[in-house]
Structures are given as C-alpha cells and as structure tokens.
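Survey of secondary and tertiary structure
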Amino acid sequence: MVGYDPEAKCVSTVEAAAAGSASGLVTRVLVSPLDVIKIRFQLQIEQLSSRNPGAKYHGILQAVQCIFQEEGLVAFWKGHVPAQFLSVGYGAVQFMAFESLTKLVHNITSYNARDSFVHFVCGGLAACTATVAVQPVDTLRTRFAAQGEPKVYRNLRHAVVTMYQTEGPRTFYRGLTPTIIAIFPYAGLQFSSYNILQQFSEWVIPAEGKKGGNVKNLVCGSCAGIISKTLTYPFDLFKKRLQVGGFEHARAAFGQVRIYRGLLDCVRQIMREEGPGGFFKGLSPSLLKAAVSTGLVFFWYELFCSLLC
C-alpha cells in the first residue's frame, strides 16, 4: 500500500499524512533510546574502544549502563519533545509527498508507479521535502540529546530563544547540506528496497493471511532500513557533527570537541584525526535503530492505511 497503485484502493493525501504522522509518533517513542546512544557515539572524537582511556563510551551495553548511572532513565528520552515534532512532521510530509509524487508519475509519464526506480526517485524527493520542513526541529533534537549535565537548555522554548539570540536563525539549518546529500539516496533506497523486498516476498509466498502480511511489512522494512543506512551512514555522522557547532561548551563532559568550518573541513578533520573508521562511529546502534525504526514505520504506516481504507 506504500505508493500509488492504480489497481488497488489508495489513500488520499490527507489520509497518507495522518498515517505517516501516527506511524512516526509511535515509532519515535520506541526507538528514542537507540537514537540517543547513536548520537552520543557519533559526536565522540575518541575511538569507541575500552582500550582508549580517554573514551567515555566503548560499546552499546557500556553506554547504556553509563548513561543510566549518570543521568537516569529519562536520559534515554532526552530531546524527545522536539524529536516527536520531528517524527510527526517528517512522517506526514514524507508519505504525503511520496503518495502524491508516485501518483503524478503514473498519470503524466509512461512509468509504472510500482517500479522500484520510481520509488527510488519519488522516495528521495519526498524525503528532501520533509527534511527541509523539519530541519530546525532536528537540530534542536540533536542539541538536547547531546547536552550533558548541567543542562545548557532548560526546555524547548529556552533552546529556541537562546540559539536564535546567540547564533542567529541560520543555526537551525546547521548540517542541512550533508543531510540533503545523504537523505535522497537514503530514503530512495529505503522505498525502493522495501518495494523490491515486498515483490520478492509475494513471489516466494504468494498467498498469506493478514497477520502474515503485517509481519512481512515489518521484516521488509527492517531489511530496507539496514541496506539504506549502511550505504549512506557517513553523511548522517557529518550532519550530527555540524549540528552541534557553537555548542562545544556543552560537550566538554563527554571528551574532546572540535570546531568545523563546513562539510569539507569536517570530512578532512575526521579523516586526519580518526581515520576511515571515524566515518562509521555509532554504526552498530544506528543499524539497530534503522532496522527497528524503518521496520516499524512501514509496519505502522501500512496498518494505519488499512484502517483508514
């Protein structure tokens, strides 16, 4: 049901937006702890290894224990309010744009809306549209997840006012360039991989019940998330590093900090100081999060669309 299908009853634009919002909201609650750990790993300059005495985080289990002991259980949902705004807004815009674009392509071109290539292009364009719409909220979410104790920002309003007054309006769009560069192939691969896996599963198991269909959506979504995240991961790391620019004082408790003048400078510094492995810091929790979140997003979206239909 993801994407326009001329042979089936399709959701309207409003229904797609509603299903996308609901899907994002439910998924965000469940994957927030993995997101916090991933961001902490991405922002750590020191090598993620117990052999490095200066490294605060060594692995997923150690990071969970460390964060829980130092900051409490609620730390795993740091930045959850802006993250929810992000998920709800992103889900609504992305799926609304995707459904509209696939329908437009089917109606004005010779391409079939169910083709994987169409899903790749439309998925990438839909994600770029959603990214530009919610980038300020994504920056706020990253700042909240990255800050230690004592907190620099007391709440969402304080963060918005402080960032605007001290850094200007452009700070809300820090990291937009690598985000746009990465999000097109990432989302495109998500939608096209999901489409290919769905078609493959229908070929392998042509007849199945509704329950089996829900499980299939979850599995296909998880696999699509792993494929797309692995291929585009470095750009997500660049984005996180750039988003905390001007916020270095709040990172002191977590180890070394760096100042980057832009995307290329960020790439050069990481390569020089951290090596090629630096581009994939936090990949393990990121892949775990991608598998869970992408699987759940498609699962809930398909479920909510079925209910709306």
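This is a predicted model, so every value here is computed, not measured. (Residues numbered from 1 in each chain as written. Predicted model: local features only at pLDDT ≥ 70, side-chain atom pairs only at ≥ 80, totals over all residues. Heavy atoms only, no water.)

What about the packing of aromatic side chains?
Applying the stated criterion to the full structure yields 14 aromatic pairs. Geometrically, the ring pair formed by F95 and F298 is edge-to-face, given 6.3 Å between the ring centres and 90 degrees between the ring planes. Separated by 203 residues along the polypeptide, F95 in helix α3 (residues 80-108) and F298 in helix α9 (residues 283-308) bring together distant segments of the chain. Taking the centre distance of 5.6 Å and the plane angle of 85 degrees together, the rings of F191 and F298 count as edge-to-face. Here F191 is found in helix α6 (residues 176-204), whereas its partner F298 is found in helix α9, with 107 residues between them in sequence. Both residues of the pair, F191 and F298, count as buried. Taken together, the ring pairs in this structure connect F95, F98, F191, Y194, F298 and Y301 into an aromatic cluster. The lysine or arginine in question, K229, covers the ring of Y186, its NZ or CZ lying 4.7 Å from the ring centre. (Phe/Tyr/Trp six-rings, centres within 6.5 Å; stacked < 30°, edge-to-face > 60°. Helix = DSSP H or I, 4+ residues; strand = E, 2+ residues; numbered from the N terminus. Buried < 20%, exposed > 50% of the residue type's maximum accessible area, 1.4 Å probe, protein only. Lys NZ or Arg CZ within 6 Å of the ring centre and 35° of its normal.)

Digging into the UniProt feature "repeat: Solcar" (unreviewed entry) in the protein chain
Those places that UniProt annotates as "repeat: Solcar" (unreviewed entry) correspond, in this numbering, to residues 11-104, 114-200 and 212-307. Summarising residues 11-104: 72% helix, 0% strand, and an end-to-end C-alpha distance of 14 Å. (UniProt positions renumbered as here; feature names shortened; annotations may be inferred.)

Some details on the domain arrangement of the protein chain
Split by domain assignment, the protein chain resolves into domain 1 (8-73 + 281-308), domain 2 (78-173) and domain 3 (178-280). Computed from C-alpha coordinates alone, the two centres of domain 1 and domain 3 are separated by 11 Å. If you look at the interface, domain 1 gives 25 residues, while domain 3 gives 34 residues. Summed over both partners, the interface of domain 1 with domain 3 buries about 2500 Å², with 62% contributed by carbon and sulfur atoms. Area buried by domain 1 at its contact with domain 3 is led by L43, I45 and F298, which between them contribute 27% of it. The tally of links from domain 1 across to domain 3 stands at 2 salt bridges. The closest approach of N and O atoms between D236 and K38, which form a salt bridge, is 3.1 Å. Here domain 1 and domain 3 share 9 residue pairs in polar contact (both at pLDDT 80 or more) between them. (Domains from an automatic or database assignment. Contact = heavy atoms within 4.5 Å. Buried area = accessible area lost by both parts, 1.4 Å probe. Salt bridge = Lys/Arg side-chain N within 4 Å of Asp/Glu carboxyl O. Polar contact = N/O pair within 3.5 Å; in protein donor to acceptor, adjacent residues only side chain to side chain.)

Some thoughts on the packing of helix α1 (residues 13-43) against α9
α9 packs onto α1 with a crossing angle of 165 degrees between their chain directions and a minimal axis gap of 8 Å. The angle between α1 and α9 falls in the class roughly antiparallel. Between α1 and α9 lies a crossing whose hand is right-handed. Considered class by class, the residues forming the contact of α1 with α9 number 19 nonpolar, 5 polar and 4 charged. (Axes fitted to C-alpha atoms, helices over the stretch in contact; angles between N-to-C directions. Parallel < 35°, antiparallel > 145°, perpendicular 65-115°, else oblique. Left-handed = near helix turned anticlockwise from the far one by under 90°. Nonpolar A, V, L, I, M, F, W, Y, C, P; charged D, E, K, R; others polar.)

A few points about a nonpolar patch on the surface
On the surface, L25, V29, L30, F68, L73 and W77 cluster together into a nonpolar patch covering about 560 Å² of accessible area. Looking at the nonpolar patch, the element that brings in the most residues is α1, giving 3 residues. Note on placement: L73 falls in the loop between α2 (60-71) and α3. Taking relative accessible area as the criterion, L73 reaches 53% and is therefore assigned exposed. (Patch = residues over 30% accessible without salt bridge, like charges linked within 9 Å, V, L, I, M, F, W, Y side chains within 5 Å. Areas by Shrake-Rupley, 256 points an atom, 1.4 Å probe, with all protein chains shown as cover.)

Thoughts on the nonpolar core
By size, the foremost hydrophobic cluster in this structure holds 18 residues, and its most contacted members are V2, F95, F98, F191, Y194, F298 and Y301. Elements that contribute at least two residues to this core include exactly α1, α3, α4 (116-146), α6, α7 (210-243) and α9. Residue contributions to this core peak at 4 residues, all from α3. (Core = buried A, V, L, I, M, F, W, Y, C linked by side-chain atoms within 4.5 Å.)

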